[in-house]
Number of protein chains: 2
Amino acid sequence: MSSRGRPVATSHAQIEAAAFRLFAERGFESVTMADIAAEVGVGRRTLFRYFESKNDIPWGQFASTLDGFRAILAETPDDVPLAEAVQRAVLAFNEYPADAYPPHRDRMRLILETPALQAHSVLRYAEWRAVIAEYVASRCGLLPTDTLPRTVGSVSLALAISAYEGWLAVPDSDLATLLDETMASLRGYLS
Amino acid sequence: MSSRGRPVATSHAQIEAAAFRLFAERGFESVTMADIAAEVGVGRRTLFRYFESKNDIPWGQFASTLDGFRAILAETPDDVPLAEAVQRAVLAFNEYPADAYPPHRDRMRLILETPALQAHSVLRYAEWRAVIAEYVASRCGLLPTDTLPRTVGSVSLALAISAYEGWLAVPDSDLATLLDETMASLRGYLS
DNA sequence: CACAGTAATGGCACTCGACGCCAAAAAGAT
DNA sequence: ATCTTTTTGGCGTCGAGTGCCATTACTGTG
């Protein structure tokens, strides 16, 4: 009952793979949606049914990973101090199996080093920040739009991006370690 | 010797004024560059010589205000603790004369509430963050790309935006107070 | 097997931002 | 009056993104 009508011609994964291949060859800016469509062997119009925009392709299925993020936070015992709970969740969210390492690195490098994608990221990150804000709000009996939850969301994001930048700059560095170091840096700065 | 050739047909200020008028009427997205050009009474092509992109119009002269920001930091005595020096500079940078209040508020509201501008802002903020990173680096004997300077830049920005969001949400609130409160929130969260 | 129902595809046309190119306009200088 | 300089603005082009709609390729039924 679910497989009626014309079958799909491609998939998110296939488009992503083709796109990354071309991005690696020619750079993000000089690859057009028409190029990607041709590479996949599908109509240009169809690409826009799989990804809202060219900028969204490097993000893959990010939105659906946010449920996992919410779950991680929800499972955290309430006796864990708030800041530690958030920090642990951020660490867990960014843990990837070893075999996903090079693709994840390529993806993050592309996102963090391409101006158009840096800009677009804000919109994607907004949902991520909201997940943190909602958690902080629920633990503190506040609204997600109150100062503390909003601020923790923004600052956590800033720290995570900062850590990722270090991770990309230093080969073979460990993201978890860098996240902790970045947090420690901030604590040192504020005291 | 400086005023040869055909005289200019408009100015940044005039374009900005016309653009804001239209944005207020119809919203940012539904105003085209052609609309603005017509409102100013100038060719569409000319607009792109005054502003790199439509997204840059709301930013006005931001880039040139960064020199002021640098100056504020440079003038801070070295015996002021680092975090306080940065916080003070951020406050000073965001102090506007009372008569510039409504336009500044409109500008910030537009920037912070329009998705396309939120995204574009990252690119503008990068220079702002760099100013802070350079200051922190010089005070600590580090490189601007090291973890601490970069992190302080990112976090300061996150706090400033968070404060601005509160400022826009609550009529008649004081930005300086909100900046301090946001910073206090963060300190409370981390301790 | 033919035929209805269904859902994805992809071509076409269009809007809009952005950019390169270049002739025309409008001044000052000689 | 002519030369030089500088800005203007029209034209053409590219690429992202969208609405529209006929076409395609399935599934299920009689």
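Residues numbered from 1 in each chain as written. Chains lettered and ligands numbered in written order. Predicted model: local features only at pLDDT ≥ 70, side-chain atom pairs only at ≥ 80, totals over all residues. Heavy atoms only, no water.

Going by an unreviewed UniProt entry, chain A carries the name Mycofactocin system transcriptional regulator and comes from Nocardioides endophyticus.

Caption draft 1: Geometry of the protein's contact with DNA strand D. In the vicinity of DNA strand D, 26 residues are found, and the nearest of them are A:Arg44, A:Arg45, A:Lys54, B:Arg49 and B:Tyr50. Of all DNA strand D atoms lying within 4 Å of any protein atom, the proportion belonging to sugar or phosphate reaches 59%. Within the contact set of DNA strand D, a base oxygen lies 3.4 Å away from a backbone nitrogen or oxygen of B:Gly5. A distance of 2.7 Å separates a phosphate oxygen of DNA strand D from a polar side-chain atom of B:Tyr50. Listed by contribution, the elements that provide at least two residues to the surface near DNA strand D are helix H3 (44-50) of chain A together with helix H3 (44-50) of chain B. Classifying every residue of the surface near DNA strand D by side-chain character gives 8 nonpolar, 7 polar and 11 charged. (Near = heavy atom within 4 Å. Polar contact = N/O pair within 3.5 Å; in protein donor to acceptor, adjacent residues only side chain to side chain. Helix = DSSP H or I, 4+ residues; strand = E, 2+ residues; numbered from the N terminus. Nonpolar A, V, L, I, M, F, W, Y, C, P; charged D, E, K, R; others polar.)

Caption draft 2: Spotlight on the domain arrangement of chain A. Residue and element names in this part refer to chain A. Each assigned domain of chain A is listed here: domain 1 (12-54) and domain 2 (61-190). Each of domain 1 and domain 2 has a C-alpha centre, and these two points are 28 Å apart. With both sides pooled, the region where domain 1 packs onto domain 2 buries about 570 Å², and carbon together with sulfur makes up 67% of that total. Taken as a group, Glu-16, Phe-20 and Phe-28 account for 66% of the area that domain 1 buries against domain 2, more than any other trio of residues on that side. Joining domain 1 to domain 2, the criterion identifies 1 residue pair in polar contact (both at pLDDT 80 or more). Grouping the amino acids of the side of domain 1 that touches domain 2 by side-chain chemistry returns 3 nonpolar, 1 polar and 2 charged. (Domains from an automatic or database assignment. Buried area = accessible area lost by both parts, 1.4 Å probe.)

Caption draft 3: Structural detail: the protein's contact with DNA strand C. Neighbouring DNA strand C are 27 residues; A:Arg49, A:Tyr50, B:Arg44, B:Arg45 and B:Lys54 lie closest to it. Near the protein, within 4 Å, the atoms of DNA strand C are sugar or phosphate in 58% of cases. For DNA strand C, a phosphate oxygen lies 2.9 Å from a polar atom in the side chain of A:Thr46. For the surface near DNA strand C, the elements supplying multiple residues, two or more each, are H3 of chain A together with H3 of chain B. For the surface near DNA strand C, a count of residues per class yields 8 nonpolar, 8 polar and 11 charged.

Caption draft 4: Broad picture of the side chain of A:Asp56. All names here are of chain A. Assignment of secondary structure puts Asp-56 in the loop between H3 and helix H4 (62-75). A distance of 2.2 Å separates polar atoms of two side chains, one belonging to Asp-56 and the other to Arg-124. Excluding residues that lie within four positions of it along the chain, Asp-56 makes contacts with Phe-51, His-120 and Arg-124. (Contact = heavy atoms within 4.5 Å.)

Caption draft 5: Examining the UniProt feature "domain: HTH tetR-type" (unreviewed entry) in chain A more closely. As recorded in UniProt, the sites labelled "domain: HTH tetR-type" (unreviewed entry) are residues 9-69 of chain A. Secondary structure content for residues 9-69 of chain A is 62% helix and 0% strand, while the C-alpha to C-alpha distance between its ends is 31 Å. (UniProt positions renumbered as here; feature names shortened; annotations may be inferred.)

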